[in-house]
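# Chain and residue survey
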Amino acid sequence: DAGVTQSPTHLIKTRGQQVTLRCSPISGHKSVSWYQQVLGQGPQFIFQYYEKEERGRGNFPDRFSARQFPNYSSELNVNALLLGDSALYLCASTGQMDEQFFGPGTRLTVL
Amino acid sequence: AQSVTQLGSHVSVSEGALVLLRCNYSSSVPPYLFWYVQYPNQGLQLLLKYTSAATLVKGINGFEAEFKKSETSFHLTKPSAHMRDAAEYFCAVSAMDTGRRALTFGSGTRLQVQP
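Residues numbered from 1 in each chain as written. Chains lettered and ligands numbered in written order. Predicted model: local features only at pLDDT ≥ 70, side-chain atom pairs only at ≥ 80, totals over all residues. Heavy atoms only, no water.

Residues and elements named next belong to chain B. Strand order in the open sheet made by the five strands is β1-β3-β8-β7-β6, with antiparallel pairing throughout. In this open sheet, the two strands that pair with only one neighbour each are β1 (2-7) and β6 (56-58). Looking at each pair of strands side by side, their axes are set apart by 20 degrees on average, direction ignored. (Pairing = 2+ DSSP bridges. Helix = DSSP H or I, 4+ residues; strand = E, 2+ residues; numbered from the N terminus. Axes fitted to C-alpha atoms, helices over the stretch in contact; angles between N-to-C directions.)

Next up, the structure:
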């Protein structure tokens, strides 16, 4: 079975630009979460979606937004990029026991 | 609200020695607890989880962890370290809070295994 997939793998943007990251959950999983992992730190929760509805939001500015599609895939959008947005962005899908399975991540570099 | 503290940002052991990575949590409601491993330039892999069943949890790659409510701890152990265990380890807690089960992670412990 395929795991969580994310695209693109790497991305380089400049300050002020906008970026869209994509995630496909494990087949059968209806919940997707997004995390930001800055170098040297643990992941920080950004959003969780369940059946296209936002279930939770972490302490991130409104420049961050997300959505989930009918096929349960998800997009994370970040507007007006700042240098501090450089990080590994992780997507996770939730199993039946509330465990979260992570994808390989998208490495975003903001110059 | 919940939080996780991982004691020791770096742990170094010899190959074949006991691995002990420490995690203490804080949660106002019964928690679910997890250990993840992250290899360089990769995502996180679930090692094991505690979801209010048995307090001693066995995971993959020979790792296990024991939930101790009185000590609010969930330490990760492995009897004999292998070179391939060298990686970053994260402890995480989740709790039902207004309907979400977001994970709150610790800051991680980098495990080095010396030959």
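With that settled, consider the packing of aromatic side chains. One pass over the structure, following the stated rule, counts 14 aromatic pairs over all chains. Ring geometry for F60(A) and F64(A): centres 5.1 Å apart, planes at 65 degrees, overall edge-to-face. The pair F60(A) / F64(A) is uniform in exposure class, with both members buried. Ring geometry for Y36(B) versus F105(B): centroids 5.8 Å apart, planes at 50 degrees, classification tilted. In this pair, Y36(B) is assigned in strand β4 (residues 32-38) and F105(B) in strand β10 (residues 104-105), connecting sequence segments 69 residues apart. Given the relative accessible area of 8%, F105(B) is considered buried. Members of the aromatic cluster, connected to one another through ring pairs, are Y35(A), F45(A), F102(A), F34(B), Y36(B), F90(B) and F105(B). Sitting above the plane of the Y50(A) ring, R55(A) keeps its charged end 5.2 Å from the centroid. (Phe/Tyr/Trp six-rings, centres within 6.5 Å; stacked < 30°, edge-to-face > 60°. Buried < 20%, exposed > 50% of the residue type's maximum accessible area, 1.4 Å probe, protein only. Lys NZ or Arg CZ within 6 Å of the ring centre and 35° of its normal.)

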